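Structure at a glance
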Amino acid sequence: MVEIIPSILSADFARLAEEIARVERGGATMLHLDVMDGHFVPNLTIGPPVVESIRKATRAHLDVHLMIENPERFIPAFAQAGANSISVHSEACRHLDAVVGLIRSEGPMAGIVLNPATPVSMLKDVVEVADYVLLMSVNPGFGGQTLIPYVLEKARELERIRREKRLALSIEIDGGVHRENLAEVVRAGCDWIVTGSAIFHSSDPEATVREMREIAAQAQAVQC
Ligand code: DX5
Ligand code: ZN
């Protein structure tokens, strides 16, 4: 099942509950929350108190993407704030296996994020303990960038590994996905599809989510 996951980074933070309600009316059941620390990436965003407030405003699955150094320090706080899944960058974890274990012990699903330049081959062993892998299709830090084409080859490679090892792994992609390249992204094997500016900067976010869900479902049906 392919999920279209709106990233609130491109939403109007002063009207967040309203923005969330709009995309939920379009059919979104998951929301992507980008956490940035100004060190791992050159931008700053939200912390656990904001996640906690969002938790009170929606029943959607909250997918927290940590773009921070030393993520292990903050995982319990994000779990307690109501995250349903938490992903950490392989590039930010010295003890990746332990951090994945920490996320799971706190309750949420655990994801490993790879920057565009980090090869899928680094997942060879650890992929077995992750619930999902997030492939960054832009260099993290900002919404509204262009998808880096070679990341789709990484998605195909990961899809092959998933099939060969018979893993119940979700493949998430984040950055530069819009209506025009969505079908190709789905055909590459991605099933959790994050999209920020394409939804929240459109004139009708509700309709855009609905339309993207249809495009994704059709692309998947053709593939099967
Ligand atoms: C970028 C963030 C993304 C961002 C995607 O570092 O991780 O989640 O919101 O935004 P778009 O879809 O506009 O590329
Ligand atoms: Zn993200």
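Notes on the structure in this doc start here. (Residues numbered from 1 in each chain as written. Chains lettered and ligands numbered in written order. Predicted model: local features only at pLDDT ≥ 70, side-chain atom pairs only at ≥ 80, totals over all residues. Heavy atoms only, no water.)

Considerations on the coordination of the zinc ion (ligand 2)
Each donor-metal-donor angle in an ideal tetrahedron of four donors is 109.5 degrees, and each such angle in an ideal octahedron of six donors is either 90 or 180 degrees. At the metal site, the zinc ion (ligand 2) is ligated by His32 (NE2), Asp34 (OD), His65 (ND1) and Asp174 (OD), and these contacts range over 2.0 to 2.3 Å. Considering all 6 donor atoms around the zinc ion (ligand 2), the spread of angles at the metal, 69 to 171 degrees, places the coordination shape in the octahedral class. Binding-site remark: the zinc ion (ligand 2) is held by donors from one chain whose sequence spacing is H-x1-D-x30-H-x108-D. You can see His32 sitting in strand β2 (residues 30–36) and its partner His65 sitting in strand β3 (residues 61–67), a full 33 residues away along the chain. On the basis of relative accessible area, His32 is assigned to the buried category, the value being 0%. On the basis of relative accessible area, His65 is assigned to the buried category, the value being 0%. (Donors = N, O, S within 2.8 Å, 3.2 Å for Na, K, Ca; no water. Tetrahedral: all angles 85-135°; square planar, octahedral: opposite > 155°, others 65-115°. Helix = DSSP H or I, 4+ residues; strand = E, 2+ residues; numbered from the N terminus. Buried < 20%, exposed > 50% of the residue type's maximum accessible area, 1.4 Å probe, protein only.)

Points about the site of ligand 1
Around ligand 1 sit 20 residues in total, of which Ser7, Asp34, Gly141, Asp174 and Ser197 are the nearest. His32 is positioned with one of its side-chain polar atoms (N or O) 3.4 Å from an oxygen atom of ligand 1. The separation between an oxygen atom of ligand 1 and a polar main-chain atom of Gly196 is 2.8 Å. Compared with its free state, where it exposes 380 Å², ligand 1 has 100% of that area covered by protein. Here ligand 1 occupies the largest pocket. Where the shell around ligand 1 is concerned, the elements lending two or more residues are β2, β3 and β8 (192–195). Per-class residue counts for the shell around ligand 1 are 7 nonpolar, 11 polar and 2 charged. (Near = heavy atom within 4 Å. Polar contact = N/O pair within 3.5 Å; in protein donor to acceptor, adjacent residues only side chain to side chain. Areas by Shrake-Rupley, 256 points an atom, 1.4 Å probe, with all protein chains shown as cover. 1 Å grid on protein atoms, 1.4 Å probe; cavity = no way out; pocket = protein on both sides within 12 Å on 5 of 7 lines; lining within 4 Å. Sits in = over half its atoms within 2 Å of the grid points. Nonpolar A, V, L, I, M, F, W, Y, C, P; charged D, E, K, R; others polar.)

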